[in-house]
Amino acid sequence: MDKHPLYRTGIGRLALLRVLLASLLVVVATISSFGITLDWRAQVSDKVPINAAQIVQKCQSLHDLPGPPDGFHQREHSDRYVSGTPPTLVRNASIWTGRDSGNEVVVGDILLDKGLIKEIGTIKVLKAYKNLVVVDAGGAWITPGIVDLHSHLGVSSAPSLRGSSDGNSRKGPILPWLRALDGLNTHDEAYQLSVSGGVTTANVLPGSANAIGGQAFTIKLRPTAERSSTAMVLEPPFELNGSHVDSSFRPRWRQMKHACGENPSRVYSNTRMDTIWAFREGYNTARKIKEKQDEYCVKALNGQWKDLGEFPDDLQWEALVDVLRGRVKIHNHCYEGVDLDGIVRLTNEFKFSIAAFHHAHETYLVPDLLKKAYGHPPAIALFATNARYKREAYRGSEFAPRILAEHGLKVSDHPVLDSRFLLNEAQQAHYYGLPHNLALASVTSTPATVLGYDHRIGFIKPGYDADIVLWDSHPLALGATPAQVFIDGIPQLDKPYVNPKPSSSQRVPKTPDFSQEAKDAVNYDGLPPLEPNKSESDTVIFTNVNSVLLREGADVREVFSTAQTGKPGVVVVEHGKITCFGVLLDCPSAARAGTGIASIDLDGGSISPALISFGSRLALNHIDGEASTNDGPVHDPLVSDTPAILGEGSVIRAADGLQFSTRDALLAYRSGVAIGVTAPTSSGLISGLGTAFTTGSPHGLSKGAVLQEATALHVAVGWSTTTSVSTQIAVLRSLLDGKGKGQLGASFESVVKGEIPLVIQVQSADIMASLINLKKEVEKGHGKSIQVTFAGAKEAHLVAKEIGEAGVGVILRPSRAFPGDWNSRRILPGPPLTKDNSFSILREHNVTIGIGVEEQWSSRNIRFDIAWAALDTVGGLSVPDAIAVASTNLERLLGVRSHDSDLVAVRQGTLLDFEGKVVGIISPRREVVDLLL
């Protein structure tokens, strides 16, 4: 059945004693009602009310802490078991169980039946099981289902529509009586996407607009026959239409969202002082109710019934009272040290514990403070690399997970939006130093434990829920994809498809050593120096090189490989230019390594072209959420008149607003992204002229800082609150027809002449079709082709043939799409849900493809984005082709003229794996080698 009654496995000894006591009190009450007098007047001085048994039972249960009922693991079937589900035997698997601190791996089989894990290890032939489904894993990895500790699935639904936006109430900063379940949309298209990433359970939280946003609910993500929100809930904590707890059973854990810092301050125009006072006032209200209840129960349990009245309760505040009774897991959105300190003091003032601090960017700087929290140190739910988007996230560090783990604190990872890729957060945390066992635990056993459900999910043990994931590669390998996902023993993927992976993907990646960088993050209070160090020597020799890739025109070619020579290579660089590469005998000058000449051992690493970042506000913004740190938005002429001083027909140039040495740009540089291409910030139709710059330059006047002042003309066509799509296209038609004035008219004239590309930010296939028709119309009228690039292009696969025939290029931004709004709802998700992804469909129709990013912090991850795309594309992409997607292809699509490309030196691995570490940038146009050691 899909309904979720409380467990029926027995009431337990404590509950049995309560029932006996309650029965005795009922007898006493009955005798009293008949006027029979017993010699108990010394103990019971007042008339016993008719509901005395219920009162005593309620009072005795107030101090019970949540947990599974007695004999839980002896249950024969899950409360979520669906009748008719066949048993499944998965043979020949490498099973990561989550036990032994995440170090146990069982090589063998796993049996699922009646919604439970029945057995693991070597399992003999099971003749007793009828209709047994046997799956041969072929040695593949199995883990527990992924548990998302911080989710807004169902309350912030995809696609985002006004009618299903239920993440935040704005009726006041303290709202513990609200429940996420009451807004849980069963039609969220992200459920299936998350399942396809291995997520089986999600803790659905209200948003962070309020100090106390309401109650969260933990759900299983599989569809249910009942098709209701309630049917998805794991272990309902109380009767969902009231606050009554059946005291015959131990209570189930409840979950609640708190938030501090910038969000509630911004929403309510408050300060941090106001928010903490709101917390204290709310908790003081709850404490008074709790004290009245305790006083009431002391009297009731001592038989003092006179004038006792009704049990003092308040439906609005009962959940917060339960927090003070230790029955609620608090999930606290909290970033900065000042806010963390305020909440730690709050916990000690009102005697309650925090289950986890979420986002929590500065927790790694204050581990000792966290240990002072009441009850126990909270776990920390973190982004892996997402930071600097607002002030309180400015000191975020990719090394936070490893640092916190070194201090004995539990770490869990969570994504920004798309929990389909939650595992990738753990992969990145592992890359930057979190031990492999803790990285896997961070998305399985740790969040299950934090939520209070580690008795049934997060581990692979007999008696646990049959929530497991069969992976196509080691789960910490880049691009690991579920071959099948089981929830309650039911397979969730219909005809899953996975691409073949290399043998190296079947083991734990050998990640680089970032020990010094992690120390610097703490020593510099979260802001370690990121500027590159120029080599003091004009000659730099790279040794033990495994592979060299160089540009040849618009292509990327591998020009040296140890696999071909059988010997490691050397690369000699003089004044930023490669003068020789090959084995040692090919480069006599390499023998000069010594005094005055720098020599860098790449230890089997590689040298390849540097990458380009496009699509974010990189080098225009320092902190997105702080207007004073940014270039700012451009004027939208379709909304209001252009400021007179600009003159009609002005066009904005991004080059005029560039800001160098932003932390995101420097981190991108340190990750092999040497060039940024940025357009002016705009929410309207016309953005302006983009620019190309060097991400590692100290300022705009330094050599090679601005690579090209004007690249392409950028516009955006899509849904707007002020201007229809048809109006936007009509304006473009007019401008392309030569009716524009001033600089803007001249820029569109350059597009028509084929001098610069027109880059159009667009998502909808319907709008792309209209734009293709517009392109044909303009070309017919002027007798020559124009270069058009679609950026964003989440629905481009639907019109791939037409895009290819029209000669339009596509920048997929981001590389892995999410149906965030109506105009991008028809994404092609790729493996395991579909064989093809947008890359493979567009390539099939000879479309030039690049990739972009949406936020500047993600520029550092472009190297992993292209590697992942290569793995997910049918037939795969070669390493040179993958690098071209984020380098030479982007140059063509964005109007960046050919130049001497910067090169990236990587130690141990390549630019496209979780084993290589960028240690240098070779820049022929700036005649330097920047060292990033």
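Residues numbered from 1 in each chain as written. Predicted model: local features only at pLDDT ≥ 70, side-chain atom pairs only at ≥ 80, totals over all residues. Heavy atoms only, no water.

Considering the state of the cysteines
Reasoning step 1: Under the defined criterion, the tally for this structure stands at three disulfides.
Reasoning step 2: The disulfide partner of Cys 260 is Cys 334, and the gap between their sulfur atoms is 2.3 Å. With Cys 260 in the loop between strand E9 (254-259) and helix H5 (262-267) and Cys 334 in strand E10 (residues 328-334), this pair connects stretches of sequence that are 74 residues apart. Both residues of the pair, Cys 260 and Cys 334, count as buried.
Reasoning step 3: Paired through a disulfide, Cys 580 and Cys 587 show a sulfur-sulfur distance of 2.0 Å. Sign of the S-S torsion, about -90° for the bond between Cys 580 and Cys 587, identifies this disulfide as left-handed. (Disulfide = S-S within 2.5 Å. Helix = DSSP H or I, 4+ residues; strand = E, 2+ residues; numbered from the N terminus. Buried < 20%, exposed > 50% of the residue type's maximum accessible area, 1.4 Å probe, protein only.)

Focus: the sheet that holds strand E27 (residues 706-708)
Reasoning step 1: Taken together, the four strands give an open sheet; going across it, the order is E23-E24-E26-E27, and neighbouring strands pair in mixed fashion. Looking at which strands have only one partner, the edges of the open sheet turn out to be strand E23 (611-614) and E27. Each strand axis lies, on average, 30° off the axis of its neighbour in the sheet, ignoring direction.
Reasoning step 2: In this structure, E23 lies alongside strand E24 (residues 673-678), joined through four bridges in parallel fashion. By the bridge assignment for E24, Ser 613 is matched with Gly 676.
Reasoning step 3: Here helix H22 (residues 862-872) sits on the sheet in contact with E23 and E24, set at roughly 100° to E23. (Pairing = 2+ DSSP bridges. Axes fitted to C-alpha atoms, helices over the stretch in contact; angles between N-to-C directions. Contact = heavy atoms within 4.5 Å.)

A closer look at the pairing of strand E3 (residues 116-121)
Reasoning step 1: When strand E2 (residues 105-113) meets E3, the two strands line up antiparallel, connected through five bridges. Residue pairing in the sheet places Leu 112 in a bridge with Ile 117 of E3.

Details of the sheet that holds strand E32 (residues 849-851)
Reasoning step 1: The strand order E25-E28-E29-E30-E31-E32 describes an open sheet built from six strands, whose pairing is mixed. The sheet is open, and its two borders are formed by strand E25 (686-689) and E32, each paired with just one other strand. Recorded for the sheet is a direction-independent mean angle of 20° between the axes of neighbouring strands.
Reasoning step 2: The pairing of strand E31 (residues 809-812) with E32 spans three bridges and is parallel. What sits directly across from Leu 812, in E32, is Ile 851.

Things to note about the UniProt feature "domain: Amidohydrolase-related" (unreviewed entry) in the chain
Reasoning step 1: Within this structure's numbering, the places UniProt gives as "domain: Amidohydrolase-related" (unreviewed entry) are residues 430-486.
Reasoning step 2: Within the segment residues 430-486, helix and strand shares are 26% and 16% respectively, and the terminal C-alpha atoms sit 25 Å apart. (UniProt positions renumbered as here; feature names shortened; annotations may be inferred.)

Focus: the domain arrangement of the chain
Reasoning step 1: Here the chain is partitioned into domain 1 (72-145 + 458-498), domain 2 (147-237 + 252-457 + 499-505), domain 3 (530-609 + 901-932) and domain 4 (611-900).
Reasoning step 2: Taken residue by residue, the interface counts nine residues in domain 1 and 10 residues in domain 4.
Reasoning step 3: Interface of domain 1 and domain 4: buried area, both sides summed, is about 760 Å²; carbon and sulfur atoms make up 75% of it.
Reasoning step 4: Scanning the region where domain 1 abuts domain 4 turns up zero salt bridges.
Reasoning step 5: At the boundary of domain 1 with domain 4, the tally comes to one residue pair in polar contact (both at pLDDT 80 or more).
Reasoning step 6: Across the side of domain 1 that touches domain 4, the residue classes tally to six nonpolar, two polar and one charged. (Domains from an automatic or database assignment. Buried area = accessible area lost by both parts, 1.4 Å probe. Salt bridge = Lys/Arg side-chain N within 4 Å of Asp/Glu carboxyl O. Polar contact = N/O pair within 3.5 Å; in protein donor to acceptor, adjacent residues only side chain to side chain. Nonpolar A, V, L, I, M, F, W, Y, C, P; charged D, E, K, R; others polar.)

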